[in-house]
Amino acid sequence: MKVVIVGGGLVGLGAAYALQARAPHAEIVLCDKERDVGTHQSTHNSGVMHCGLYYTPGSWKAKFAVRGIRRMKAFAAEHAIASDNCGKLVVATTAAEVERLRGLYARGQANGLSGLQWMSGAEAREREPAVRAAAAVLVPEEGIIDYGGVVAVLKRLLEQSGVTVKTSAQLLRARRTAGKWRLAFSSHDEEADAVICCAGLQADRVARAFGHEPGVQIVPFRGEYFLLRRPELVRHLIYPVPNPRFPFLGVHFTRLARGGVECGPNAILALDREGYRRGAFRVADAAETFASPAIWRFVWRNFKTTVHEIRRSHSKAVFLESLRTLVPELQASDLADGPVGVRAQAMRADGSLVEDFSFVEETGVLHVINAPSPAATASLAIGEHIAAKADALFGISGRGVLTGDAA
Ligand SMILES: Cc1cc2nc3c(=O)[nH]c(=O)nc-3n(C[C@H](O)[C@H](O)[C@H](O)COP(=O)(O)OP(=O)(O)OC[C@H]3O[C@@H](n4cnc5c(N)ncnc54)[C@H](O)[C@@H]3O)c2cc1C
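Everything quoted here is computed from the prediction, not taken from an experiment.

Engineer: Please clarify how the overall build of the chain should be interpreted in this entry.
Structural biologist: When you go through the chain residue by residue, the secondary structure sums to 11 helices and 21 strands. By the compact-globule yardstick of 22 Å for 407 residues, the chain fits well, its C-alpha radius of gyration being 21 Å. Summarising its shape, the C-alpha atoms of the chain cover approximately 65 × 45 × 35 Å along the three principal directions. Summarising the internal contacts of the chain: among those between residues at least 6 apart in sequence, 72% fall at separations of at least 24.

This is how it looks when you write it as structure tokens:
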């Protein structure tokens, strides 16, 4: 049995890792279009391990964050990957935010998080002296990790266990004949009994290459960061109470596993799915965005937020204003230009965003269509789910029984 995995971000790598353990006799080939694996979302993110505070109880996000953070911490410890369980403070600054924070606290408890602590403003300030808060919640389970290190270790382990990793291999077309998938890559052809697609920012296009209409469009949201010149100001991760109408967490302060502190990311509609500069533009991506009624509906429905995000992207002063709601003493001179990431977010035709992870199966192929944050944290747990599901669907290990979450 031969399985081809398209996409070598953390989700594809996690799926290959779990599948190899589950079906050691299967031939597994993982192909990525870039010169190395993990060069997109998986290494252009905040580097936070989320433990499930935000997600609807029972959702994939909640299940996989709770399970995934434990797997990720154990993996980091086993393979000496830089990480730190520094804890997070979610800070409410207004009465309305305090109310919403109560909801998050209850959600965290429903998701089974341990050690959650409700804090008054004074208690929060004892923990994090630079912060001004009306109230806060301490999430001690959360931390930071070097996801680049996770990518490198997974790639090494896969190759050592006999998985073939092919880079500079972009999937162009897929055709089904005689019970197999014939895959045309930019570099070579493959024939597979089963295929697993984990293409992140290109997930909708890759699904269409298989003749599958995913019913959603991947919309890229750029996230821009500043670097904090006074990292000593920040002891934990410091997050605002998120806007409930938006799936992003709001600009925050993130300590980095390799040292330093980042501030951000904002969330601005991007005109280049893989553009890591402010203002990046790619004609095909921009044309698709402007021609998409779904995106126009989304903009119309979220007009104020969209305008604010555009202003914040173009003005350091506006960005600073957001950060100062959490840490008032911050000055413009404390912020140096930082990196950029692009999030893949599935959007329905009516302009609504798909909140949860989504997986779609068809004959001989399993597509991961939506895997936004916390999919880096959860990648090992998502990988186990994908491996179990693919095994149940395609009989990869010869066991072929639906168990647990795969059912
Ligand atoms: C700004 C930002 C901040 C974030 N912060 C966090 C955080 O703190 N914690 C957290 O848990 N999550 C975070 N996330 C989310 C997390 O990074 C992603 O959910 C996760 O990395 C998704 O992994 P992936 O493998 O699905 O996608 P990717 O890492 O994007 O991988 C997809 C891969 O598919 C390949 N590919 C695409 N098309 C093809 C093709 N046709 N042929 C072959 N290969 C192809 C690409 O080259 C790429 O390597 C953040 C994301 C962003 C952008």
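Having seen the model, we can carry on.
Engineer: Could you clarify how one ought to interpret the pairing of strand β2 (residues 27-31) in this entry?
Structural biologist: Across a regular strand the side chains alternate sides, sitting on one face of the sheet and then on the other. Relative to β2, strand β1 (residues 2-6) runs parallel, the two being bridged by 5 bridges. What sits directly across from Val-4, in β2, is Val-29. Considered for its hand, the β-α-β crossover made up of β1, helix α1 (residues 10-22) and β2 is right-handed. As judged from the 3 bridges shared by β2 and strand β9 (residues 164-166), these two strands associate in the parallel manner.

Engineer: Hey, could you run me through the site of the ligand in this one?
Structural biologist: In the vicinity of the ligand there are 41 residues, among which Gly-7, Gly-9, Gly-200, Gly-341 and Ala-375 approach most closely. Elements with a minimum of two residues in the shell around the ligand: α1 and β19 (335-348). Class assignment of the residues belonging to the shell around the ligand gives a composition of 17 nonpolar, 20 polar and 4 charged. Counting contributing residues per domain, the shell around the ligand is built from domain 1 (2-44 + 148-215 + 355-406) and domain 2 (218-226 + 244-348), each supplying no fewer than three.

Engineer: How should I be thinking about the domain arrangement of the chain in this particular structure?
Structural biologist: Frequently, the measure chosen for interface size is the accessible area that the parts lose on association. Per the domain assignment, the segments making up the chain are domain 1 (2-44 + 148-215 + 355-406) and domain 2 (218-226 + 244-348). With centres defined by C-alpha atoms, the gap from domain 1 to domain 2 works out at 28 Å. In this assembly, 12 residues from domain 1 lie in contact with 13 residues from domain 2. Within the residue set of the side of domain 1 that touches domain 2, elements represented by two or more residues are α6 (203-209) and β21 (365-370). Split by residue class, the side of domain 1 that touches domain 2 holds 4 nonpolar, 6 polar and 2 charged.

Engineer: How do you make sense of the sheet that holds strand β10 (residues 171-177) when you look at a structure like this?
Structural biologist: Across a sheet, strands are paired by hydrogen bonds formed along the backbone, either parallel or antiparallel in direction. Spatial ordering of the open sheet is given by β10-β11-β12, a layout of 3 strands whose pairing is antiparallel. Of all the strands in the sheet, the pair left with one neighbour each is β10 and β12 (189-192). Each strand axis lies, on average, 20 degrees off the axis of its neighbour in the sheet, ignoring direction. Pairing geometry for β10 and strand β11 (residues 180-185), over 6 bridges, is antiparallel. Bridge pairing in β11 places Arg-173 opposite Ala-184.

Engineer: Would you mind going over the environment of Gln-202 with me for this structure?
Structural biologist: Within the secondary structure, Gln-202 sits in the loop between β13 (194-197) and α6. Sequence separation between Gln-202 and Leu-113 is 89 residues; the distance between their C-alpha atoms is 33 Å.

Engineer: Teacher, can you tell me more about the pairing of strand β20 (residues 358-362) here?
Structural biologist: In this sheet, β21 lies alongside β20 in antiparallel orientation, the contact comprising 5 bridges. Each residue of the ladder has a partner; that of Glu-362, found in β21, is Val-365. With antiparallel pairing between neighbouring strands as the criterion, β20 and β21 make up a hairpin whose turn holds 2 residues, including Gly-364 at a positive phi of roughly 70 degrees.

Engineer: Teacher, can you tell me more about the nonpolar core here?
Structural biologist: Within soluble globular proteins, side chains that are nonpolar tend to cluster in buried spots. Among the nonpolar cores identified, the biggest contains 126 residues, and Leu-19, Val-91 and Cys-197 are the most heavily contacted of them. Two domains each put at least three residues into this core: domain 1 (2-44 + 148-215 + 355-406) and domain 2 (218-226 + 244-348).

Engineer: Is there a simple way to think about the packing of α1 against helix α11 (residues 379-394) in this case?
Structural biologist: The axes of two packed helices give the description: the angle between them and the distance between them. Two numbers describe how α1 lies on α11: the axes approach to 7 Å, and their chain directions differ by 55 degrees. With respect to each other, α1 and α11 are oriented oblique. The two elements α1 and α11 meet at a crossing, and its hand is right-handed. Residues Leu-10, Val-11, Gly-14, Ala-15, Tyr-17, Ala-18, Leu-19 and Arg-22 of α1 form the contact with α11, whose own contacting residues are Ser-379, Leu-380, Ile-382, Gly-383, Glu-384, Ile-386, Ala-387, Ala-390 and Asp-391. Of the residues contributing to the contact of α1 with α11, the split by class is 11 nonpolar, 3 polar and 3 charged.

What counts as what
Residues numbered from 1 in each chain as written. Predicted model: local features only at pLDDT ≥ 70, side-chain atom pairs only at ≥ 80, totals over all residues. Helix = DSSP H or I, 4+ residues; strand = E, 2+ residues; numbered from the N terminus. Rg over C-alpha atoms; globule rule 2.2 N^0.38 Å. Contact = placed C-beta atoms within 7 Å. Pairing = 2+ DSSP bridges. Right-handed = clockwise from strand over helix to strand, strands pointing away. Near = placed C-beta within 6 Å. Nonpolar A, V, L, I, M, F, W, Y, C, P; charged D, E, K, R; others polar. Domains from an automatic or database assignment. Axes fitted to C-alpha atoms, helices over the stretch in contact; angles between N-to-C directions. Core = buried A, V, L, I, M, F, W, Y, C linked by C-beta atoms within 7 Å. Buried ≥ 20, exposed ≤ 12 C-beta atoms within 10 Å, placed from the backbone. Parallel < 35°, antiparallel > 145°, perpendicular 65-115°, else oblique. Left-handed = near helix turned anticlockwise from the far one by under 90°.

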